[in-house]
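# Structural overview for review
So the chains spell out like this:
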Amino acid sequence: MPAKQSTHAFDPKPVLDLIAGIEADLQRLKGLVEQQVEKFDPANPHNKAPDGKLTEEGVECCYRMFDEGKSRYSVAQQMKISFAAATHRFNTWRKMGGAKRKRTLLG
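Now for the packing of aromatic side chains. One pass over the structure, following the stated rule, counts three aromatic pairs. Aromatic side chains F66 and W93 sit 5.6 Å apart centroid to centroid with 40° between the ring planes, which places their arrangement in the tilted category. Residue F66 is located in helix α2 (residues 56-67), and its partner W93 is located in helix α4 (residues 83-95); the two are separated by 27 residues in the primary sequence. Neither residue differs from the other here; F66 and W93 are each classed as buried. Through successive ring pairs, a cluster of aromatic residues spans F66, F90 and W93. Lying over the aromatic face of F90, R72 brings its terminal NZ or CZ to 5.7 Å of the ring centre.

Structure representation (structure tokens):
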């Protein structure tokens, strides 16, 4: 018995067009959400307590700078802390998982 030949050929173009449209919509939505993410400010006075130590927000600001690949020297300068303090924060950031750590909210 001969195999049946399919008379309806599958046309992938409409499916691929639909997928491209969905991907474009997702990229647009991602852009809208990313704009809402608050940028951290190393110069924000809320980053330091009156005694000069970093607040929780200041620590998170340091961690976010490390997330971006900034060096300990750069973090120390921008946060106006010592290199030793930046090194301490860097080591803690690494122990917490580095860029894969769970971020805390700022503000």
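Turning our attention to the state of the cysteines. Here the structure, examined in full by the defined rule, presents zero disulfides. Lacking any disulfide linkage, C61 is separated from the closest cysteine sulfur, that of C62, by 6.2 Å. Given the relative accessible area of 1%, C61 is considered buried. Given a relative accessible area of 0%, C62 falls into the buried group.

Let us look at the side chain of R89. In this structure, R89 sits in helix α4. With residues near it in sequence (within four places) discarded, R89 still touches L54, V59, C62, Y63 and F66.

A separate point is α2. Between its first and last C-alpha, α2 extends 16 Å over 12 residues, near the 16 Å set by a 1.5 Å rise per residue. Along α2, 10 of the 12 residues are buried, which leaves the element largely enclosed by surrounding structure. Among the residues of α2, G58, V59, E60, C61, C62, Y63, R64, M65, F66 and D67 are the ones counted as buried. Residues of α2 that are buried make contact with α3 (72-79) and α4. Just beyond α2, the residue with positive phi is G69, at close to 95°.

The rules behind each value
Residues numbered from 1 in each chain as written. Predicted model: local features only at pLDDT ≥ 70, side-chain atom pairs only at ≥ 80, totals over all residues. Heavy atoms only, no water. Phe/Tyr/Trp six-rings, centres within 6.5 Å; stacked < 30°, edge-to-face > 60°. Helix = DSSP H or I, 4+ residues; strand = E, 2+ residues; numbered from the N terminus. Buried < 20%, exposed > 50% of the residue type's maximum accessible area, 1.4 Å probe, protein only. Lys NZ or Arg CZ within 6 Å of the ring centre and 35° of its normal. Disulfide = S-S within 2.5 Å. Contact = heavy atoms within 4.5 Å. Expected span 1.5 Å × (residues − 1).

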